[in-house]
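# Results of the structural survey
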Amino acid sequence: MLFRRVLKYFKPHKWAIILAMLCTVLVGLVSAAMAKVVKPVIDDVFINHDGEMLKILPFVVIGLFILKGLGRFGQQALMVKVGEVSIMEMRNDLMGRIQHRELSFFEANNTGSLMTRMLSDVSLMQNSVSYVVDFIRYTVTMLGLTVVMFQKDWRLALVASLSLPLAMYPMRRISALIKKYTRRTQERIGGISKVLVEAFTGIEVVKAFGTEDREKKKFREQSLKVLYHTLKRSRLNSATAPIMELLASFGIAAIIWYGGNNVINGVITPGDFFEFLTALLMMGEPVRMIGSVNNKIQQASAAAERVFEVIDETPAPCETEGDKELHPPVEEVRFEDVHFSYNTREEVIRGVSFVARRGEMVAFVGESGAGKSTILKLLPRFYSITAGAIKINGIDIREYDVKSLRSQIAIVNQSTFLFDDTVLSNIALGRPEATREEVIAAATAANALRFISELPNGFDTVIGERGDTLSGGQKQRIAIARAILRNAPILMLDEATSALDSESEKEIQSALTLLMEGRTTFVIAHRLSTIRHADRIVFLKKGLVTEVGKHQELVARDGDYARLCRIQFGEV
Ligand SMILES: Nc1ncnc2c1ncn2[C@@H]1O[C@H](COP(=O)(O)OP(=O)(O)OP(=O)(O)O)[C@@H](O)[C@H]1O
Ligand SMILES: [Mg+2]
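Right, let's walk through the structure included here.

About the cut-offs
Residues numbered from 1 in each chain as written. Chains lettered and ligands numbered in written order. Predicted model: local features only at pLDDT ≥ 70, side-chain atom pairs only at ≥ 80, totals over all residues. Heavy atoms only, no water. 1 Å grid on protein atoms, 1.4 Å probe; cavity = no way out; pocket = protein on both sides within 12 Å on 5 of 7 lines; lining within 4 Å. Points joined across faces, edges and corners; volume = space filled by probe spheres on them. Helix = DSSP H or I, 4+ residues; strand = E, 2+ residues; numbered from the N terminus. Nonpolar A, V, L, I, M, F, W, Y, C, P; charged D, E, K, R; others polar. Domains from an automatic or database assignment. Patch = residues over 30% accessible without salt bridge, like charges linked within 9 Å, V, L, I, M, F, W, Y side chains within 5 Å. Areas by Shrake-Rupley, 256 points an atom, 1.4 Å probe, with all protein chains shown as cover. Salt bridge = Lys/Arg side-chain N within 4 Å of Asp/Glu carboxyl O. Near = heavy atom within 4 Å. Polar contact = N/O pair within 3.5 Å; in protein donor to acceptor, adjacent residues only side chain to side chain. Core = buried A, V, L, I, M, F, W, Y, C linked by side-chain atoms within 4.5 Å. Buried < 20%, exposed > 50% of the residue type's maximum accessible area, 1.4 Å probe, protein only. Contact = heavy atoms within 4.5 Å.

## Some thoughts on the layout of surface pockets
Summary: where empty space remains is shown by rolling a probe the size of a single water molecule over the atoms. In this structure, the largest pocket encloses a volume near 2100 Å³. Considering the residues around the largest pocket, the lining is formed by 47 residues, among which Leu103, Phe382, Phe417, Phe419 and Leu429 are closest to the centre. Of all the secondary structure elements, the ones that give two or more residues to the lining of the largest pocket are helix H4 (103-108), helix H8 (164-201), helix H13 (372-378), helix H14 (402-406), strand S6 (409-412), helix H18 (472-486) and strand S7 (490-494). The greatest single-element share of the lining of the largest pocket, amounting to five residues, is contributed by H18. Classifying every residue of the lining of the largest pocket by side-chain character gives 18 nonpolar, 14 polar and 15 charged. Inspection of the lining of the largest pocket shows a minimum of three residues originating in each of domain 1 (2-315) and domain 2 (316-407 + 532-572).

## So, a nonpolar patch on the surface
Among the surface-exposed residues, Trp15, Ile18, Leu19 and Leu22 lie close enough to one another that they form a single nonpolar patch of about 460 Å² accessible area. In this structure, Leu22 sits in helix H2 (residues 14-47).

## Some remarks on the site of ligand 1
Not every one of the 14 residues close to ligand 1 is listed here, only the nearest: Ser368, Lys372, Ser373, Thr374 and Gln414. One of the side-chain N or O atoms of Lys372 is found 2.8 Å from an oxygen atom in ligand 1. Within the side chain of Ser373, one N or O atom sits 2.6 Å away from an oxygen atom of ligand 1. When ligand 1 sits alone it has 640 Å² of accessible area, and the protein chains cover 71% of it. Looking at which element gives the most residues to the shell around ligand 1, the answer is H13, with three residues. Residue composition of the shell around ligand 1, grouped by class: four nonpolar, seven polar and three charged.

## Comments concerning the nonpolar core
Counting residues in hydrophobic clusters, the biggest one holds 49 residues, and the most contacted among them are Ile427 and Tyr561. Top contributing element to this core by residue count: H18, with seven residues. Dropping the residues within four chain positions of it, Ile427 is found in contact with Val439, Ala443, Ile452, Phe459, Ile478, Ala481, Arg482 and Leu485. Of all hydrophobic cores here, the second largest spans 32 residues; its members include Leu378, Ile409, Phe522 and Leu540.

Below, the structure written as structure tokens:
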């Protein structure tokens, strides 16, 4: 089953693999033929003093080694290439699939563990191709030698192979254990990666609270666990060859005793005996190697299981359903009794309904944790609602193709993620095909031009991981420029101006007001001054809508909203 999955990636390289197999068979056959040379050496040369044979034999030996060398080279070179190329494809495939997983997948799987699967596990699989070929090579060699032995003297061969079944039990037991410990090791490596990712991305917190030692200790603990399982696995690996050899020695001992007797009694010639013994001794290498190659294959298959676990999980419906294209204009966005809970925890949105018509601005107000940001995440289907419906232009958003739905939405978030790239390409994320002039125009509208032109390389300045070199307000203005550039009919602003001082906020507010023109906008703002002019203010309390209306209406109603206004403005 697993084998067939891996095979899929090797299929395009069918011919290279077949050629490598032929090389393998060649190597196996030549190895077996070497045993055949022993009899003429002993019987013809040593015993019968045959001079002619002596002239031929050295060339035969060299010829055989040349053939074997060519076969080995061909096999090795071809298989390494096939292995590397197919593993790269597998890794790309994995990345493609992981990227399309829904947000909750990334909440459930930590970054470190995902990275381990993509890097460490896939690498473990990397050599599995050449291991499989090695496995076949050694098996062919062994079979070839067995044929030589049976053909020579089936009674001797039977005696020699009595110990083979004995090898089966330890082999299987070791295989299972190796697989188990590999899995554990890989899980722990995931643990190490997790500690690393957290310690490095949270380095500011680590330093601020002086918890370097704590991180070091966590890392040490994980490393120790990796070491523990790795050592267990390598002990098994080291035991494999001696166990196999010990079993083989039973066969050899039996042959020396039984074959020796036959020679003494004149049943077979010394040449026959040595040909047989050579074939048997030559079995030593393949028998020993089959054991360790099998171990490697077990490791690779443990890793493969971990990789396919990720590939096989079907993405949540929010990333798959629907094939309708959403085209502008967006006339209406409607929430109908929407319910939602993250995972299986208690409901965060408990029956929310509202309408936003084309060009309207709808604002969400409520205390922290009321579910404001969550509502905005439901519209682009970052999560799937559990009951009710969200409709755009009268059609349930589940019927739209997700990509097409999201392409009509521009988002400015509570926190802005920037890539370690230039300012220009970070803004151009909003619309990758935009020209430089369009990007600059967007930055100007977002009031970001001044600080960008003060950067060492202006728009071509690389801003470091997560935009670490920029201030919170600067990041936010880049995010706003992105949204302006995206030019989408639906705009979502979640605390879009929270990191700005009053002055910049005022300037950007005018840019945003311009941007909102003709667009359906959803706004979350703790500063009520920014939402005074909203067409509709939705007051949320623990996932429920308690009030809806314009600013004046809600103030007149003298409810929750009015109380909030009194706190913020001192009066109404
Ligand atoms: N990814 C998540 N997984 C599980 N629970 C979540 C997740 N995100 C938010 N929550 C929970 O959902 C509830 C609503 O969160 P939400 O972010 O929507 O609040 P909010 O109204 O935007 O608050 P704030 O004003 O502080 O931004 C909170 O109780 C929060 O703990
Ligand atoms: Mg929020």
